[in-house]
Amino acid sequence: MAGTEAAHPEAFHSAEEIDGIVRRIIQQVLGDARVSHRELSDLWCDQILERSLKEVSSLGRPFKYMATCVISKQPGTLDTAATAFWDTQYDSLCCCRLGNGSIDCIV
């Protein structure tokens, strides 16, 4: 471990840990839903983001979190991209994609 990570290992978490939290919340919110109307998709996105950020924040790590959520009907294609300018020693990105055969969700 280097720098701050060695001094404060409790302050760091893995992308896998965050991915697991977000996947569980997506499954709780979407379940096996089969339709996606805009109003319903907006509600689902709000619920997924609110619950995810609340749970990740409750880990008590000294970080700021940003999140976006996209819900799209299947079949179809949904291309996304993320770019950022950050300090690669301390900053990180986690992208979670989960579908249920009818709806895709990317957080």
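Before any of the text, the structure's been laid out above.
Below or above, wherever it landed, is the structure these notes cover. (Residues numbered from 1 in each chain as written. Predicted model: local features only at pLDDT ≥ 70, side-chain atom pairs only at ≥ 80, totals over all residues. Heavy atoms only, no water.)

Examining the side chain of Ser-52
With respect to the helices, strands and loops of the structure, Ser-52 is situated in helix H3 (residues 38-57). Within polar-contact distance, the side chain of Ser-52 engages the backbone oxygen of Ile-48 at 2.8 Å. Non-local contacts of Ser-52, meaning those with residues more than four positions away in its chain, are made with Val-22 and Ile-25. (Helix = DSSP H or I, 4+ residues; strand = E, 2+ residues; numbered from the N terminus. Polar contact = N/O pair within 3.5 Å; in protein donor to acceptor, adjacent residues only side chain to side chain. Contact = heavy atoms within 4.5 Å.)

Considering the state of the cysteines
In this structure the tally under the stated criterion is zero disulfides. Of all cysteine sulfurs, the one in Cys-45 lies closest to Cys-69, which takes part in no disulfide; the gap is 3.3 Å. Overall, the relative accessible area of 15% leaves Cys-69 in the buried class. Cys-95 carries a free sulfur, and the closest cysteine sulfur to it, the one in Cys-94, is 7.3 Å from it. Cys-95 sits in the exposed class, given a relative accessible area of 52%. (Disulfide = S-S within 2.5 Å. Buried < 20%, exposed > 50% of the residue type's maximum accessible area, 1.4 Å probe, protein only.)

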